[in-house]
Every structure is written in C-alpha cells, then in structure tokens.
Amino acid sequence: MISYFALAVISAATLAYEVLLVRLFAIVQWHHFAFMAISIALLGFGASGTWLAIWQDWVRSRFTPIFATSAALFALSAPASFLAAQTLPFNALAVVWDPAQLLYLLVMYLLLVVPFFCGATCVGLAFVCYGDEIGRIYAVNLIGSAAGALGIVSVLFVLPPSDALRLIAAVGFIATALVALNGRLVFGPALSAGGVILALTVWAVLPDGWFALRISEYKGLPGALKVLGTKVLSERSGPLSLLSVVESPSVPFRYVPGLSLNAPAAPPDQLGVFADGGSMTAITRFDGRHEGLAYLDYTTDAIAYHLVDRPSVLVLGAGSGSSVLQALYHRATRIDVVELDPNMLRLVGEDYAEYAGDIYSRPEIRVHVAEARGFVTSSKHQWDLVQLPLLDAFGAGAAGVHGLSETYIYTVEAFELYLRRLRPGGWLSITRWLNLPPRDALKLFATALEALRRLGIETAEQRVVLLRGLNTTTLLVKNGVVTETEIAKAKAFSEERSFDLCYYPGINANEANRFNILDEPYFFMGAKALIGAEREAFVIRYKFDISPATDERPYFFDFLKWRTLPELMAIRRAGGAGLLELGRVILVATLIQAMVLSAVLIMAPLWAKGGALVSSRQFWRVAAYFFALGLAFLFVEIAFIQKFILFLGHPLYAVAVVLTAFLLFAGVGSGVSSRFAERIDAWHRARPGRGPQLSAIQLSIVGIVAMSVLYVLILPRVFDSLLYLTEGAKILVSLGLIAPLAFFMGMPFPLGLSRVWLGAQPLVPWAWGVNGCASVLSAMLATLIAMTFGFSTVVLAAGILYAGAAAVFHRPLKAAGE
C-alpha cells in the first residue's frame, strides 16, 4: 500500500536538497560550478528510471522495502556525498588550463548523483507499482516538492546551511519511518522506530565537525586566514549569503577600491567581511569625526560630490557602509541606504554598531531593506545623486564567474528609471572594476547612451562623463547637459588624484591617458566610437560583447563572443585565462556532458536488454512526449521566475513564491487530471462528430500555450499598474496569476503517463527517466536561450515544445497485442 505522506516527505527532501546545494556550493566553490554540478547530479533521476525499467518486474511486489531502503540511502548519501565532494582538491578557476580539474569534477558528479538517484527511485517506484493512481501520485510529488522549496528557503533564515543539510538527512529518515509504518511489514514498527531514532541522531547527536563546510582554499577567506593572528570574529547566515567578519591585527585590512595613490591619509582600522567566503568588503572604524574620512574623497566615485553641493543621496547597495561614510564626509543632507541582505545591515547597525560609529542611527540616514531596482521603482522621491557603488570582489569579476548571473540593476530599463529619479542637474554614478581590454566600462557607457536615447535625449553624448583610476572606473550620467564649469571641476578633481578622464563632452585624445598610462587610450577610443555614427558596427566587431543589457536579456556580465573563444583559448596559458568568461563556456560544456550522459543512462540499458523496445514506434512517441514536457515545464518556470523578480522586488521572494506556486498549483492540476479527462471523454461521447475532438492532453496544452503567450504580452503592463501594492499584496497577486497557468501545466504529465500505463506499461519507468533527464537539460538550455535571445523566446520555445508533445500524443497508445 502506498504511503502518500511518505512520498510527499521524500519529494520535499529531494527538492530541498537541490536548492540547498546551490547555497552550499556557492560557499565552498563558485556559484556557477554549483549550477553545473547539480545539473549533472540530477541525472540521478534518469538513472533511477533506467534501474526501475530493468528491474520493474522484480520491484512491483516489493514497494515498501525498496522505498524504505531508498529513502534511508537518500538520508545517508545527501550529507555524505556533499561532504565528500567538498574534500576534492578542485579549483574551479583552473579548469581552462589544468585538465586534472576535469577529473575532480567528474568525481564530484558521480558523488552527487547518488542522493538524487535514491530520492527519484522512491517517486518512480510509486509510478511503477501504482500506475492506476498516477494523477494522485504526481500531485503528491509536486505538492511535496513545493513544500520543500518553500521550506528550505524558510529554514535558511534561521539555520546555517550546514545545519540545514543535517535537517534534510533527518527528513529522509522520517520518510523511511513513515513508509515502514504504513507498509504492514513484520518488522515495520521496529524499522519505523529505527528511522525516527536515526533522524534524531543525525539532528541532535552527531558532532558539528562532521558537517563543517570547507571553503575552497582559492577563495578570499581561506587566504586571509593564513595571515598570522587573523581570525573569524563572528558569522551571520541567511538565504542570500554567509557573512564572515574577520579581524587581522598583524596585517590590517585596507580595503578601499579605487583609492588614489595621492590620498593624504590611510584608512582607519577595518574589519573584513567576506560573503560566502569570497567577495570582500570592510566595516570601517568611525569615531564620528569627519576628518578621519578624508581618504574617501580620493576614490573615483567621489567625483560626483564635487559636481553637486550637499546632495540628497540614494545609495543602491550599502554593503558594509563605505559609501554611506563617503556621503557623510561630503555633508549629504539626506542619505537613503538600500541593501538587499538584512544580515549585512545587522552587522553594521547592530553587531558592530559601536565600531562603525552607529552610522545607521544618524538622523540624515534612512535604511531600506530591499532590492535596489524594486525600491527605486516603488519610490516617488527624487535625489541629487543616485550611486551604485562597487560591491563585488575584483577576483570574481576578473575571472568571469558572474557571466551566468542575471542582474536587473545594470539594464537599459534600470538606467531609465534611475534617471527619472534624479532632480534637474542630478547625477547617476556607477563604479565598476577596471579591466583590460575594456568591458564593464564600455558596456555601462553604451547602456547609459541607449537609456538616454529611449528617454528622447538626442544629444546623449553631452550628458556623460567617464573616469578611470588605477583599478576602478566610474561612469557619471547627468539629468541635463554637462556644463563647462562642471568639466573644469572634473578636471581639477582628476588631476589632484592622478585619475584619467576618459570621456567628457569635448575631450581630446591627449587628455585621456596621462596618469595611469596604457599602451593606447582604450577607454577614450571606445567611448568615442560608441557616440559616433558607426557605433553599431563598433559593437559588432569588438572582441567582447558590450551591447547594452536589457530586462529581456539581463546578463550584464556576459561579455563572451563565440568567435573570440578560439583566440582566448590559445592564449589562456600565457596569462590570458582571465579574459575567458567561464560561465557560458562551462555552461555549454556541461550541456554537452549532460546530453552524452543522458543518452548513456537512457539508451544503453535499453540496447543491453534488447533492441525490440527501442525499435518500437511506441517507445519513440513516449520518449518524444516526455522529453518535450521535461524541457517545456522548466522553460516556463525559469522564464516566469525572472519576470516576477521585478514585480516582487526581491529575487529571493521571486524564486520562493514562483517556484512554490508552480509546483503547488501544478500538483492541484495533476490531482484533478483524471476527472478532467473523464469529463472531456463524456462530453465527446455525448456530442459525437460535433467540432474538433480534442483530448484532455490537447486541451490542457492549449491552455498552457494560450496563457503563456498572454502573460508575455500583458505582464509588464499589469506589473507597472500594481507596483504601489504592499509586499504581501504583490505575493497574493503573483499567486493568482501563476495559479491558472500552473494548474494546466500539471496535467500533461499524469495524463500522458496514464496512457503509457494502459498501452505500454513497461515504458512507465522510462518515461519518468526521460522526463527527469530532459529537466536537467532544460535549465541549461533555457539559460543559453535567454542569454542569446531573451526570456520571451524561452517562453515561445516552451510553447512550441508543448505543441509538439500534443501532436505526438494525438491518439492513444495501442496496448500490447493490439
């Protein structure tokens, strides 16, 4: 007898583990390698389908013991696989020049496959043994997964990731206990009690050291801790990051990006703050006296304060407070501070408030916990200066590890929004790391020009200034024409600090390369080309992608052009590895690996068992249908997560709300799918020959395609009209919008699998495996399509896949012997 509660619990644990791995690997490695390892590891779903297909006759009479064993093995392997994987001497940044790293990566894949194989076996086993209840089983699986997605995000607010890993293992043992108790085994009560005892042991008894995270020695925090006397003072953990506060008395931190060598004094004492063991910022000791902050007038982003006197300032990304101190030093009349991570604000405003001068309690400062773009969208206030300071680490940017990261703060639409929030004569200031050949700076410059043109400004080149120092660049965009007086102030500021003005209206080439001398004035040349009549041709022939990012393609940090890749690979061992944008290269490599492994996991066992099943037409119909569903479901899910980020104003809310809503309402759709099919069949029988005889599968897919296209067309306007709502109201609106689409999306899989059960029962586990492997590929394919064409194209591709699935299953499968 099937235990639906046990099925829901193991489904929740499996999805929670997948989400948690993203956080765990973001801490111990780099986030894009987490994405890659998890994608490959999810091939465990395909492997479970293969195993069940080969042994389906044997497993049908052994549901309870196999389910209990698989759940217990999931509980054991979930922490063990990750803890073993993090001990590998893997350096993510050395993959392009050290082939040995690929071997370590393969071992990591194999380790992570195990828990997903075990979790997927529990679900697939239910399909094999209870095919007459497919709709209900799939509904429970989806609803349990929704609970896991929402639950793990909630848990990460109160538990560190290592304890969350311990909790997932305990939940796996709970699933074992539940199925044993429900299965009426001779030793069922004992096995159930054992599961509970193991769950309690994992949660409360095992030592913390067993679950300790080992951050890669190539990240910033382990490197800092090698300095004599350096120690971690405290940590704060949350769903967004693990923040580690570090003291280094023997070699003090002096973290001031863009600081001029002409600065009159060194920074005060600082505490380093490392996010996920990598990107560093610093909490600066502040005693309330402005004189001690004079060094902050010698960074590239200080130029804005010399162009507008005592401004009202909006700081988008407070970090550890350096930009706030800079605004205080320049006597800003009002400072609005926006920070996404509340733990960062707690570090500065609570844990180390005395050290930091209790800056967030000052009357001129207003603190807002929000996503930058969402805050600016919902606010009606205007400022003299909108500042986007530099928050990410130089090493991460230089290595191209942000290439897969979508960000909505550097898009054309974002720049339009910032400019609308400026008072007349106000300035937008954005600082990025300097890299050669120029990439970030020129892409920002092109984005600003495009935003100004969209706002109807015909002389956009009269409103921008570009400055570079030793290791940073700052772009200024004015709400108005840059005056001669302001140009003179910018020149004086730059000369005193040995900074180079790369562009201002009327600049000459000999002014752009005076202090930090390059072989050629590359930044000036790029800026002049972007304001010229041949700007589009320049962007096309430039070796890196510097075309403006948009909300449709929000990948600002993706600079790779495929035609440049052979040249970059040729020089990677000669110091050119830093020019490789690792994100997209690794994404494609992973996709190829996943396709090969998927074929091996699905096809090789079939041929080993006998080619008759492969050669049957029914097999290819089943494979095509469930492969298309696996791709399409996640295409829609991923695309709409991105589209809801701007409305909900917080990426964490978007992922939690959208993912949970899709899984929950798809589960509801799956639960009523059989009844829906019965009513459609009854309708056709009562009206023979009247109109098109569409099946329940085809009708559900018509609903999916119609609503997806409708939402792509209307969502931007709907969101714009509802931005005034509170966060709670926005979540309710999001649930209401997602519910009907997700409801229909929950139907094609159980309806199709029911057909397979009736007409080609041996193919049921293969359908489960094919669908799982397609889901693995879909995440990578969706990202590649979005990076190249945009998220609306991802939705369009999903619609085509769903339509293809409907065409493949336009008639029932023939039962054996027919």
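Just so we're clear, the structure is a prediction, and the values are computed from it rather than from any experiment.

Q: Teacher, can you tell me more about the sheet that holds strand S1 (residues 231–237) here?
A: Two modes of strand pairing occur in sheets, parallel and antiparallel, and in both the strands are linked by backbone hydrogen bonds. As summarised here, the arrangement of the 4 strands in space is S1-S2-S3-S4, forming an open sheet in which the pairing is antiparallel. The open sheet terminates on both sides in strands that have one partner only, identified here as S1 and strand S4 (279–284). Between one strand axis and the next, the sheet turns by 25° as a mean value, whatever way the strands run. One ladder, built from 4 bridges, connects strand S2 (residues 242–247) with strand S3 (residues 270–275); its direction is antiparallel. Within S3, the residue paired with leucine 243 across the bridge is alanine 275.

Q: Honestly, the nonpolar core in this entry has me stumped. Any pointers?
A: Nonpolar side chains in soluble globular proteins generally cluster together in the buried interior. Ranked by internal contacts, the top residues of the largest apolar core, which has 149 residues, are Tyr17, Phe67, Phe127, Phe626 and Phe644. Per element, the largest residue contribution to this core is 20 residues, and it comes from helix H23 (residues 617–648). Counting 107 residues, the second largest nonpolar core, distinct from the first, contains Leu316, Leu347, Ile365 and Leu518.

Q: It is not clear to me how the sheet that holds strand S6 (residues 334–339) should be interpreted in this structure. Could you clarify?
A: Taken together, the 8 strands give an open sheet; going across it, the order is S7-S6-S5-S8-S9-S11-S10-S12, and neighbouring strands pair in mixed fashion. In this open sheet, the two strands that pair with only one neighbour each are strand S7 (365–369) and strand S12 (500–503). When the angles between neighbouring strand axes are averaged without regard to direction, this sheet yields 20°. Sheet topology note: the strand S8 (residues 383–388)/strand S9 (residues 422–433) ladder contains 5 bridges and is parallel. Among the inter-strand pairings, valine 386 is bridged to a residue of S9, identified as leucine 428. Of the strands in this sheet, strand S5 (312–316), S8, S9 and strand S11 (472–478) touch helix H15 (residues 412–420), which is tilted by about 140° from S9. Those strands touched by helix H18 (residues 522–531) are strand S10 (464–468), S11 and S12, and its axis lies near 20° from that of S12.

What counts, and at which threshold
- Residues numbered from 1 in each chain as written.
- Predicted model: local features only at pLDDT ≥ 70, side-chain atom pairs only at ≥ 80, totals over all residues.
- Heavy atoms only, no water.
- Pairing = 2+ DSSP bridges.
- Helix = DSSP H or I, 4+ residues; strand = E, 2+ residues; numbered from the N terminus.
- Axes fitted to C-alpha atoms, helices over the stretch in contact; angles between N-to-C directions.
- Core = buried A, V, L, I, M, F, W, Y, C linked by side-chain atoms within 4.5 Å.
- Buried < 20%, exposed > 50% of the residue type's maximum accessible area, 1.4 Å probe, protein only.
- Contact = heavy atoms within 4.5 Å.

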